[in-house]
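Here is how the chains run, residue by residue.
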Amino acid sequence: MSLPIFLIGARGCGKTTVGEALSRALGYAFTDTDHHLQLSTQRSVTEIVAEEGWEGFRARETESLKAVTAPGTVIATGGGMILAEENCRFMQEQGQVIWLSASPEVLAERLESEPEAAQRPTLTGRPIADEMSDVLRERAHLYQAAAHHQVNAMQSPECVVEEILLSLSLARAS
Ligand SMILES: Nc1ncnc2c1ncn2[C@@H]1O[C@H](COP(=O)(O)OP(=O)(O)O)[C@@H](O)[C@H]1O
Ligand SMILES: O=C(O)C1=C[C@@H](OP(=O)(O)O)[C@@H](O)[C@H](O)C1
Ligand SMILES: [Mg+2]
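Residues numbered from 1 in each chain as written. Chains lettered and ligands numbered in written order. Predicted model: local features only at pLDDT ≥ 70, side-chain atom pairs only at ≥ 80, totals over all residues. Heavy atoms only, no water.

Cross-referencing UniProt, the feature "binding site: Mg(2+)" (unreviewed entry) maps to Thr16 in the present numbering. Along the polypeptide, Thr16 turns up in helix H1 (residues 15-26). Since its relative accessible area comes to 29%, Thr16 is described here as partly exposed. Leaving out residues up to four positions away in the same chain, Thr16 has contacts with Phe30, Asp32, His35 and Ala76. (UniProt positions renumbered as here; feature names shortened; annotations may be inferred. Helix = DSSP H or I, 4+ residues; strand = E, 2+ residues; numbered from the N terminus. Buried < 20%, exposed > 50% of the residue type's maximum accessible area, 1.4 Å probe, protein only. Contact = heavy atoms within 4.5 Å.)

Okay, structure coming up:
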């Protein structure tokens, strides 16, 4: 059985972009917890947060994670998925968890050039570069603790996919 692969990491690290490419390389299905949430509620992340607050969004995010998890699937999670211990435990038990790691400067640069406001309402109300520093300071240890493998997300999506495939094959061989 092919265990699901969960991609975790901060906004802009490439979970959605790399996840699609990884699924093609493996012949797996691809799914994204935020896309699932948007389809099932017919609302954007920004609309859900405006109507239900972050607490409401986080509860829906946990439901979404469980709904999309299946064998032979690459799952791009939202950047805050690791905030709930329940989600971390679930991902670790169900499959392989990969952290796409990048510096706050690289993340901010990507998000400034393509903000996708409907997907990414502000988390702190601060300018994006400051927000990404704050977020990584708070969350880096959570990404690290949740992940089976850490990969460098500051390279082309093709190279990130290669590094993930290498990590998975090395883990299988050991
Ligand atoms: N490895 C990469 N190199 C350069 N740009 C990237 C890379 N991965 C993603 N991007 C760009 O960064 C932005 C955020 O990517 P996305 O996949 O939506 O990240 P996430 O799902 O982790 O928030 C998009 O504009 C995407 O094209
Ligand atoms: O970091 C976060 O808390 C969030 C990241 C977003 O997903 P991406 O990481 O795919 O942008 C989305 O789930 C929501 O805006 C919250
Ligand atoms: Mg995404």
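That covers the picture; the talk isn't over yet.
Before going further, it helps to examine the UniProt feature "binding site: ATP" (unreviewed entry) in the protein chain. The residues that UniProt annotates with the feature "binding site: ATP" (unreviewed entry) are Gly12, Cys13, Gly14, Lys15, Thr16, Thr17 and Arg120. Mapped onto the elements of the fold, Gly14 is located in the loop between strand S1 (5-8) and H1. Discounting chain neighbours no more than four positions away, the residues touching Gly14 are Gly19, Leu100 and Arg110. Mapping Arg120 onto the fold places it in the loop between helix H5 (104-113) and helix H6 (128-146). Excluding its chain neighbours within four sequence positions, the residues that come into contact with Arg120 are Arg11, Gly12, Thr46, Leu111, Glu114 and Pro115.

Turning to the site of ligand 2, a few remarks are in order. Around ligand 2, the surrounding shell holds 16 residues, and the nearest of these are Lys15, Asp34, Arg58, Gln119 and Arg120. Within the side chain of Arg11, one N or O atom sits 2.8 Å away from an oxygen atom of ligand 2. Gln119 has a polar backbone atom sitting 2.8 Å from an oxygen atom of ligand 2. In isolation ligand 2 exposes 390 Å². Once the protein is present, 98% of that is buried. Tallying contributions element by element places helix H3 (residues 45-68) first for the shell around ligand 2, with five residues. Looking at the shell around ligand 2 residue by residue, the class counts come to five nonpolar, four polar and seven charged. (Near = heavy atom within 4 Å. Polar contact = N/O pair within 3.5 Å; in protein donor to acceptor, adjacent residues only side chain to side chain. Areas by Shrake-Rupley, 256 points an atom, 1.4 Å probe, with all protein chains shown as cover. Nonpolar A, V, L, I, M, F, W, Y, C, P; charged D, E, K, R; others polar.)

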